[in-house]
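Examining the three-dimensional arrangement
Here is how the chains run, residue by residue.
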Amino acid sequence: MPAARVEYIAPWWVVWLHSVPHLGLRLQRVDSTFSPGDETYQESLLFLGVLAAVGLGLNLIFLAVYLVCTCCCRRDHTAQTKQPKSCCVTWTAVVAGLLCCAAVGVGFYGNSETNDGVHQLIYSLDNANHTFSGIDELVSGNTQKMKVDLERHLARLSEIFAARGDYIQTLKFMQQMAGNVVNQLSGLPVWREVTTQLTELSHQTAYVEHYRWLFYLLLFILDLVICLVTCLGLARRSKCLLASMLCCGVLTLILSWASLAADSAAAVGTSDFCMAPDIYILNNTRSQLSSEVTRYYLQCSQSLSSPFQQSLTVFQRSLTTMQIQVVGLLQFAVPLFPTAEKDLLGIQILLNSSETSLHQLTAMLDCRGLHKDYLDALTGICYDGIEGLLFLGLFSILAAMAFSTLTCAGPQAWKHFISRDRDYDDIDDDDPFNPQARRIAAHNPMRGQLHSFCSYSSGLGSQCSLQPPPTQTISNAPVSEYMNQAILFGGNPRYENVPLIGRGSPPPTVHFFKWPGEFGRPLPKSRRSTLPA
């Protein structure tokens, strides 16, 4: 039956992946024709995994050398290098975070595309299985009707028409037509074995795809969590958090390279199949189907006639002949043999049912329905599936770059944390302008009682005296208390004895006194100051 065929054209990425050199483990050239049962072809796909393993080894060696060089080299702790190193670590973490987010976004898209393509393949396989099962059911049902049900009616009619030889000849002719129908139905292919194989393939594909999709989903979540927690450890300067997340990052790096190996092997193998799918199916269905039938469904070309056309035509003609015979017997034999009417009507109903089944069988055996399922399966696996695998491979590369960058930034951040802690440890705890001393003084009041060193004036002793001034007890009372005490004792309010920390006051007032003796000359007005009362 002529039918318009929608041509299948392999996409460019299938052609590109198929042109990748296929090499065995001994570096010998292997044929790129899809043959998963061949050991040499399996070695060519395994070789791609070996290349990914080599890439992982080089990556780990580079990271190890970098870590050793970073940890062994001594850094000059100068003020000029602290800020650039800190900025370098910050920007490295930012770049690694952006790479990780981009990798996860690409991975989600690739995982969705691959999942859609595989589900379209499974849906097409299920549709083809439904068609094949329907064909087998129709063939077995019509065979049962012709062999059992029709024979039962004809046997009873033979007893009724035993006295009429012409009616007996009509019954024998009908029996011969039923035999022709059975012979034609037996010549149709049996799809039971094909259906079993397709069902098993569908279940295995669904099982593998479920765990593949789940693995990548968990890998995406793990990458995001490790990246975010590592950035959090850098922000909070947590050494423990940073070290643990870097170890998890190395594990994720290994998983990324392993997923790249699996994706590349699956993409190349599937591309080899998609480059010439008809040839592989023809070679693997010779034991179940004839090449003519397989080519009819795979190509569905107008130049190819249906291999079932003759069988269906004989089936139709046999049914029509039997229906004519039954109508004649109902018209001429029933008036003479009324008891034969029930069996003749039963045969007529059986033939009408067989004719309906014939139309259904003709529609199911037509190549257009199964060829559409075949094209849908190829579109799902060769377009969406391989495209998704390519994006998953890109995800693996970006994730490996991101976590390699984070691993390289880890030692620099660690040394930066150590240098900051060392700088804080070098600050004198007795320094009143040290922020840490303020916190210590708040928790230890005895430590906060510091002697005043900002008073430049005193009424006790001369400038030439070497005797130290009397020790004055410094109180932690507020500024207003000191001012009130000074006013009560007849003095002006001064700040000499008030601690500078937390006071928020200007520098202390400097008083110049006129000394007797050789310094008896009056001071210039510019240097004079008001003497205390």
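This structure is a prediction, so every number in the text was calculated from the model and none was measured.

A short note on the packing of helix α4 (residues 165–186) against helix α9 (residues 309–332)
- Relative orientation of the contacting elements α4 and α9 amounts to 160°, with a least axis distance of 9 Å. When the axes of α4 and α9 are compared, the pair comes out roughly antiparallel. In this structure, α4 meets α9 at a crossing whose hand is left-handed. On the side of α4, the interface is formed by Y167, T170, L171, F173, M174, M177, A178, N180, V181, Q184 and L185, while α9 contributes Q310, S311, V314, F315, S318, T321, M322, Q325, V326, L329 and F332.

Looking at the packing of aromatic side chains
- In total, this model carries 21 aromatic pairs according to the counting rule given.
- Both rings, one in F34 and one in F273, keep their centres 5.6 Å apart while their planes meet at 65°; by these two values the pair is edge-to-face. Taken together, the positions of F34 in the loop between α1 (12–18) and α2 (39–72) and F273 in helix α6 (residues 239–275) put the pair 239 residues apart, joining distant regions of the chain. For the pair F34 and F273, one class covers both residues: buried.
- With 5.0 Å between their ring centres and 70° between their planes, F34 and Y280 make a pair best called edge-to-face. Of this pair, F34 sits in the loop between α1 and α2 while Y280 sits in helix α7 (residues 277–284); the two residues are 246 residues apart in sequence, bridging distant segments of the chain.
- Relative accessible area serves as the criterion here: at 25%, Y280 is assigned to the partly exposed category.
- Grouped by ring-pair contacts, the aromatic residues F108, F215, Y216, F220 and F395 constitute a single cluster.

Brief notes about the UniProt feature "transmembrane region" (unreviewed entry) in the protein chain
- Sequence positions flagged by UniProt for "transmembrane region" (unreviewed entry) are, in local numbering, residues 45–68, 88–109, 213–234, 241–260 and 389–410.
- With 100% helix and 0% strand, residues 45–68 has end C-alpha atoms that lie 35 Å from one another.
- Secondary structure across residues 213–234 comprises 100% helix and 0% strand; the distance between its end C-alpha atoms is 32 Å.

Focus on the pattern of salt bridges
- Applying the stated criterion across every chain, the model contains six salt bridges.
- Two residues, D166 and R164, come together in a salt bridge whose shortest N-O distance is 3.1 Å.
- Classification of D166 by relative accessible area gives partly exposed; the value is 39%.
- Between R212 and E209 there is a salt bridge, with the nearest N and O atoms lying 2.8 Å from each other. With R212 and E209 both in helix α5 (residues 192–236) and three residues apart, this pair spans about one turn of that helix.

Details of the environment of T195
- The residue T195 is located in helix α5 in this model.
- Given a relative accessible area of 11%, T195 falls into the buried group.
- Distance in space between the C-alpha atoms of T195 and S133 is 7.1 Å, their sequence separation being 62 residues.
- Beyond its immediate sequence surroundings of up to four residues, T195 is in contact with N129, F132 and S133.

Topic: unusual backbone geometry
- The phi angle at L27 is positive, at roughly 65°, despite the residue not being glycine.
- With respect to the helices, strands and loops of the structure, L27 is situated in the loop between α1 and α2.
- The backbone of C300 sits at a positive phi, close to 50°, despite the residue not being glycine.
- With respect to the helices and strands, C300 occurs in the loop between α8 (291–299) and α9.
- Residue classification places C300 among the buried positions, given a relative accessible area of 1%.

Section: the confidence of the model for the protein chain
- The predicted model of the protein chain has a mean per-residue pLDDT of 78, with 72% of residues at 70 or higher.
- Of all secondary-structure elements in the protein chain, the lowest mean pLDDT belongs to helix α13 (residues 479–488), at 47, while α1 reaches the highest, 93.
- When the criterion is pLDDT under 50, residues 76–84 qualifies, and its contacts beyond four places in sequence or with other chains add up to seven contacts.
- Contacts from residues 420–428, a stretch scored under 50 in pLDDT, to residues over four places away or in other chains number seven contacts.

Focus: the nonpolar core
- Within the largest apolar cluster, 90 residues are counted, with the highest numbers of intra-cluster contacts made by M146, F161, Y297, M322 and L361.
- If we skip the residues at most four places from it in the chain, M322 touches M146, L150, M174, M177, A178, V181 and L351.
- Ranked by size, the runner-up nonpolar core spans seven residues in total, among them L63, L253, W257 and L260.

Concerning the state of the cysteines
- Per the counting criterion, the structure on display carries two disulfides.
- Linked covalently through their sulfurs, C274 and C382 form a disulfide whose S-S length is 1.8 Å. Taking the torsion about the sulfur-sulfur bond, which here is approximately -90°, the covalent link between C274 and C382 counts as left-handed. On the criterion of sequence distance, the pair formed by C274 in helix α6 and C382 in helix α11 (residues 367–426) is long-range, its members being 108 residues apart. Just as C274 is buried, C382 falls in that class too.

Cut-offs and rules
Residues numbered from 1 in each chain as written. Predicted model: local features only at pLDDT ≥ 70, side-chain atom pairs only at ≥ 80, totals over all residues. Heavy atoms only, no water. Axes fitted to C-alpha atoms, helices over the stretch in contact; angles between N-to-C directions. Helix = DSSP H or I, 4+ residues; strand = E, 2+ residues; numbered from the N terminus. Parallel < 35°, antiparallel > 145°, perpendicular 65-115°, else oblique. Left-handed = near helix turned anticlockwise from the far one by under 90°. Contact = heavy atoms within 4.5 Å. Phe/Tyr/Trp six-rings, centres within 6.5 Å; stacked < 30°, edge-to-face > 60°. Buried < 20%, exposed > 50% of the residue type's maximum accessible area, 1.4 Å probe, protein only. UniProt positions renumbered as here; feature names shortened; annotations may be inferred. Salt bridge = Lys/Arg side-chain N within 4 Å of Asp/Glu carboxyl O. pLDDT = per-residue confidence, 0-100. Core = buried A, V, L, I, M, F, W, Y, C linked by side-chain atoms within 4.5 Å. Disulfide = S-S within 2.5 Å.

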